[in-house]
Amino acid sequence: GRAVARAEEAGLRCVVFDRADNIGEGMRHLATVAGMSWKETGRDRSPVHLPFTDRQRSFYETLAGVEPGYVQAIVFGFFAGEQCRAAALVIRSGRCLTGCITCYDPEIASLYPGRLVIKAMTNWAAANGIERMDFNATDPWVEPFSDLIEEYGQLVIYNRGPYGRLLRAAARLLSKPS
């Protein structure tokens, strides 16, 4: 919608780093953008401080170097000219896409970079056989790296077409108590 139109007007374009020969470049862009993100320094009067540490970077770069099959690292970079202004790292495991890190240059906050990330991820997921997007890291690949996994809820989005309406109706019928 409007966020995509505003980004296009501003000359922002998405580049996906999803191959063994370009994921390293994507990880470098992610680290650069993370360094300028509000998550690095925190926000005024906010206790939130989520820097992209060297340890995290090493962990994700190790995952990115794993032969695709078990997991695959993917970076979505949003560029104005040659400069990356926003980036997101996701991990693909089978037919699931797990969101890991998103960050952006505060100067483009008015372009709603979070919406651009979700749009790009959704488009990529649809084109690449992804059936589930997980933003709470509940997919099994995460278990060896965590001492606790809790699922709080699920969001299911149906296509607006006849098949989507049929699935939605079926889900409602199945969720009604007997």
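Residues numbered from 1 in each chain as written. Predicted model: local features only at pLDDT ≥ 70, side-chain atom pairs only at ≥ 80, totals over all residues. Heavy atoms only, no water.

Draft legend 1. Spotlight on the packing of helix α2 (residues 23–36) against helix α4 (residues 54–64). In contact at an axis separation of 10 Å, α2 and α4 are set at 160 degrees when each is read in the N-to-C sense. Taken together, the axes of α2 and α4 are roughly antiparallel relative to one another. At the point where α2 passes α4, the crossing takes the right-handed sense. Two secondary-structure elements touch here, α2 through I23, M27, R28 and A31 and α4 through R57, Y60, E61 and A64. Grouping the constituent residues of the contact of α2 with α4 by class yields five nonpolar, no polar and three charged. (Axes fitted to C-alpha atoms, helices over the stretch in contact; angles between N-to-C directions. Helix = DSSP H or I, 4+ residues; strand = E, 2+ residues; numbered from the N terminus. Parallel < 35°, antiparallel > 145°, perpendicular 65-115°, else oblique. Left-handed = near helix turned anticlockwise from the far one by under 90°. Contact = heavy atoms within 4.5 Å. Nonpolar A, V, L, I, M, F, W, Y, C, P; charged D, E, K, R; others polar.)

Draft legend 2. Expanded view of helix α5 (residues 113–127). Under the 1.5 Å per step criterion, the end-to-end length of α5 is 21 Å for 15 residues, consistent within 8% with the ideal 21 Å. Turning to α5, its buried residues are P113, L116, V117, A120, M121, W124 and A125. Mapping the buried residues of α5 onto a view down its axis gives an arc of 160 degrees, with all of them on the same face. In α5, the exposed positions angled more than 90 degrees off the buried face are occupied by R115 and A126. Where the residues of α5 are buried, they touch α1 (2–9), β1 (12–17), β2 (72–80), β3 (83–93), β4 (96–104) and β5 (132–134). With its phi angle positive at about 75 degrees, G129 sits one or two positions after the end of α5. (Expected span 1.5 Å × (residues − 1). Buried < 20%, exposed > 50% of the residue type's maximum accessible area, 1.4 Å probe, protein only. Arc of directions from axis to C-beta.)

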